[in-house]
Structures are given as structure tokens and as C-alpha cells.
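Take a look at the letters that make up each chain.
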Amino acid sequence: MSDDEADPELLALLRQHYFGKSNIEEEPETGVLEGVEYVYDNSIDVALDMRATKNAAAIIYEQMQQKEFSTESWSEHELHPKTKDESTVAFIFTMDLLNFSFWSLRPEDERFAVSYREKTWTGYWSLVASLQRALEEDIPITDPHYWQNEEECNIESLRHVFRSCTDEEMPLLEARLACLREAGQVLYEKYNCSFTKCIEAANKSAAGLVNLLARDFDCFRDEFRFEGRRKPIRFLKRAQILVADIWACFNGEGYGEFRDIDKITMFADYRVPQILATLGCIGYSPPLLAIVARGDILESGHSYEIQLRACGIWCVELIRREIKRQHPEAKINAILIDFFLYDTMKQLEAQGKETIPHHRTRSIWY
């Protein structure tokens, strides 16, 4: 936050002091859009092309209509859970607790991969396949009690759960174990060992649940300092995608009912910025473009990486606004746009049609 920006928290305290506490509780806000807009306004290494963004909005809307893309699309994948109960919530929580960093520097046939149901799965799907396989083998991988049992749940047991059909091990395996340990402890101490209690505590607010995750679980607190702003820039990628996955799986009902689901933004990872660059919506400065093109590692929290993630979120927000401006009746939000763009980028990758590589950052945040 710059010196001439008003601090919202300070203003709230002053209002409370002079006017008394309001009887009406304010609706939760994640603060993600506010932060990424600041980065976009001050970015020097990532820029948005407004004409290309407007054109992309028309193309994306048309293709989503043709493919009838909706929350139903989530459950259609063979690896995603088909039941709609508490065990499904536990599966999704575990999935998004560990949903980070699957890219590899190795050739496609040598990268970490999981063999399951007579298919080979890579990337995010290698995680989902591993969890399904573990449950079939009676390993309680989605149970917080198991995560806290150091004799049963340890680095060796995780190597078995996430065993690869190649020589490459799943990246950041020790960090994944640490995430399970921490989440198990928080759920035990505060939420009766069940993530459904977190959902109940959020009172049907998607933003409230995201904030709860960022407050109580260190491994979901995806936020970074950016020059000139006092408050950190919040991305909260895995917290947001966790809420979005529950919403999509339950089709906005039961555990997936959130009155403010449209407050969830795009999930700041490495795939969506890649397709936005492919569509010409975002452009990189020469130094950043050279780093991405060479496949050099960008450290987590580096200014380049923050600009990439923030401008990606802001670009998808502008795409969403343009679609709603042209089609006010459209049932569309940043979640569905993100899901669609991610799937499209994976298809282009499989077809060998990538025009620019994704940036490479190794972290637990995405």
C-alpha cells in the first residue's frame, strides 16, 4: 500500500470508535482482487493487451457454450469423486491440500507419472489417481487421524502412496507430508477432525471459507509482499480452488452451497498465465520473456512471479466482466473460466501446440 492509500482496517477501527459497532456484519472479502489490481497498476514486466483480452472473452464464451461447460463438467472426469457425501469433502480437502508443483524438467516419458486403471496419469491427475489408488488399497490417506500418526504416515508411506511408474519421484514430497501434518493438527484442535466443520463455520460464504483457511492453516496462506504496498498481495490459490472444487463437485448444493461463490477469482498458477500469453492477452518484458523461454527457475515471491500471477488473475477478471457485459444472462464466473482455460492449455500441450512455455516456480502454493 502506498503512503497516499487509505488503510481499510484503520478506517474500520476509526468508524467503530466514532460511530459505534454496526449491528450488521459485513460480508467477507478475500482481498485478492484488490491486491492483484494494485500489482497490475504497478507492473513493469507483465502487461495486458485490452483488445486481445476483449477478443479472448468472445472466443472463450463461444467455446464454453459449444462444450456446455458448467459445474457438471467437474464430475464428468473419471478420476473425480462421484459420490456427494462427507467422504467426498475429505477427498477434495486432501486433494487440494496437496495440489501443487507437478511440473518436471525431464522428457514426457521420464517425468513423474502414476499408472492407474490401465492408464498413465501426469500432472494434477497423477495426484488424484494416487489418492484413489491409495483408498482402494485401504490406505486412509484422506483421514486427518492418519496424517497425525507418525508411525503409519511418514515419508516412506507417502513414497508408496505416490509411487511413480518412472524413475522420477513426486516433487516436494517432504513438503506434502508437512502439509498433511499441519492440517491434521489444525483440524484436530479446532474442527473435530473434519473439514466439514470448517465449511459449517464459514456459514455458506465462499470468501469466508477462503479466509478461514488462510487464517488457520499456514500452508494455505499464499500471500506475498510487493514493493510500495503495506498489505501483502493475497493469491490464496489452493484455498480458492478448494472452495471452487467443493462448489463444482456438489453443483452448488449441500456442502457446495455458497451465496458468494462469484467472489472466487482465477487460481494463480503457471498454466492459465501460459494460455493467456498464447491468446495474446498478456505480454512479458524482454528479461522476463527470456527467463520463461529458457525454462529458468523463478523463485517463489520474486517480483516477476508476483506480476505473472497477479496480472493473470486480473486478466481473467476482465474477461469475466466483458462476457457479463455482452451476455448479462450468462451463468459464468472466474472459476468456470479458469477450469476451461486450464483444460484447453493441457489439450494444446498434448497436441504439441504450445507457443510459449509456462514459467517454472517450485513451491507449495501452486
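Each remark here, short or long, concerns the structure printed above.
Scope of this entry: the structure provided in the associated data block. Note that the coordinates shown come from a computational prediction; the quantities given were computed from them, not determined experimentally.

Rules of the game
Residues numbered from 1 in each chain as written. Predicted model: local features only at pLDDT ≥ 70, side-chain atom pairs only at ≥ 80, totals over all residues. Heavy atoms only, no water. Helix = DSSP H or I, 4+ residues; strand = E, 2+ residues; numbered from the N terminus. Rg over C-alpha atoms; globule rule 2.2 N^0.38 Å. Buried < 20%, exposed > 50% of the residue type's maximum accessible area, 1.4 Å probe, protein only. Contact = heavy atoms within 4.5 Å. Areas by Shrake-Rupley, 256 points an atom, 1.4 Å probe, with all protein chains shown as cover. Expected span 1.5 Å × (residues − 1). Polar contact = N/O pair within 3.5 Å; in protein donor to acceptor, adjacent residues only side chain to side chain. Disulfide = S-S within 2.5 Å. Salt bridge = Lys/Arg side-chain N within 4 Å of Asp/Glu carboxyl O. Axes fitted to C-alpha atoms, helices over the stretch in contact; angles between N-to-C directions. Parallel < 35°, antiparallel > 145°, perpendicular 65-115°, else oblique. Left-handed = near helix turned anticlockwise from the far one by under 90°. Nonpolar A, V, L, I, M, F, W, Y, C, P; charged D, E, K, R; others polar.

**Quick word on the overall build of the protein chain**
Piece 1. Helix and strand counts for the protein chain stand at 16 helices and 6 strands.
Piece 2. Here the C-alpha atoms of the protein chain give a radius of gyration of 21 Å, agreeing with the 21 Å that 2.2 N^0.38 yields for 366 residues.
Piece 3. Here the protein chain holds 366 residues, and the buried ones make up 54% of them.
Piece 4. Residue pairs in contact within the protein chain that sit at least 24 positions apart in sequence constitute 75% of those at least 6 positions apart.
Piece 5. Approximately 17,300 Å² of the protein chain is accessible, and the part contributed by carbon and sulfur atoms is 49%.

**Side note on helix 15 (residues 303-326)**
Piece 1. In this model, helix 15 (24 residues) spans 34 Å end to end at C-alpha, consistent with the 34 Å of a helix rising 1.5 Å per residue.
Piece 2. Taken across its 24 residues, helix 15 has 19 buried, putting it largely inside the fold.

**Points about the side chain of Gln 274**
Piece 1. Its place among the elements puts Gln 274 in helix 13 (residues 271-278).
Piece 2. On the basis of relative accessible area, Gln 274 is assigned to the buried category, the value being 0%.
Piece 3. One polar contact links Gln 274 to Arg 271, side chain to side chain, over a distance of 2.8 Å.
Piece 4. Of the polar contacts made by the side chain of Gln 274, one reaches the side chain of Glu 354; its length is 2.7 Å.
Piece 5. Once you skip the residues sitting within four places of it in the chain, Gln 274 turns out to touch Met 345, Glu 354, Ile 356, Pro 357 and His 358.

**Brief notes about the state of the cysteines**
Piece 1. Summed over the entire model, instances satisfying the criterion amount to 0 disulfides.
Piece 2. Here Cys 179 is not disulfide-linked; the sulfur of Cys 219 is the nearest cysteine sulfur, at 4.3 Å.
Piece 3. A relative accessible area of 3% means that Cys 179 is categorised as buried.
Piece 4. The thiol of Cys 249 is unpaired, and the distance to the nearest cysteine sulfur, on Cys 198, comes to 17 Å.
Piece 5. Residue class for Cys 249 comes out buried when judged on its relative accessible area of 1%.

**Brief notes about the pattern of salt bridges**
Piece 1. On inspection of all chains with the given rule, the structure shows 24 salt bridges.
Piece 2. Linking Glu 27 and Arg 259 is a salt bridge whose minimum nitrogen-to-oxygen distance equals 3.0 Å. Residue Glu 27 is found in the loop between helix 1 (8-19) and helix 2 (32-42), and its partner Arg 259 is found in the loop between helix 12 (237-249) and helix 13; the two are separated by 232 residues along the sequence.
Piece 3. Overall, the relative accessible area of 47% leaves Arg 259 in the partly exposed class.
Piece 4. Taken together, the salt bridges that share partners define one network made up of Arg 271, Lys 346, Glu 349 and Glu 354.

**Examining helix 3 (residues 50-66)**
Given 3.6 residues to a turn, an α-helix orients residues that are three or four positions apart in the same direction.
Piece 1. Taking 1.5 Å of rise per residue, the 17 residues of helix 3 would be expected to cover 24 Å, and the 24 Å separating its terminal C-alpha atoms lies within 8% of that figure.
Piece 2. One side-chain oxygen at the N-terminal end of helix 3 lies 3.1 Å from the backbone nitrogen of Arg 51; it belongs to Asp 49.

**Focus on the packing of helix 11 (residues 206-216) against helix 12**
Piece 1. The contact between helix 11 and helix 12 brings their axes to 9 Å, and the two run at 140 degrees. The angle between the axes of helix 11 and helix 12 places the two elements in the oblique class. Considering only the axes of helix 11 and helix 12, their crossing is right-handed. Here Ala 206, Leu 209, Val 210 and Leu 213 of helix 11 come into contact with helix 12, specifically with Ala 239, Gln 240, Leu 242 and Val 243.
Piece 2. Along the lines of polarity and charge, the residues of the contact of helix 11 with helix 12 split into 7 nonpolar, 1 polar and no charged.

Treat this as a map of the structure, not an account of what it does.
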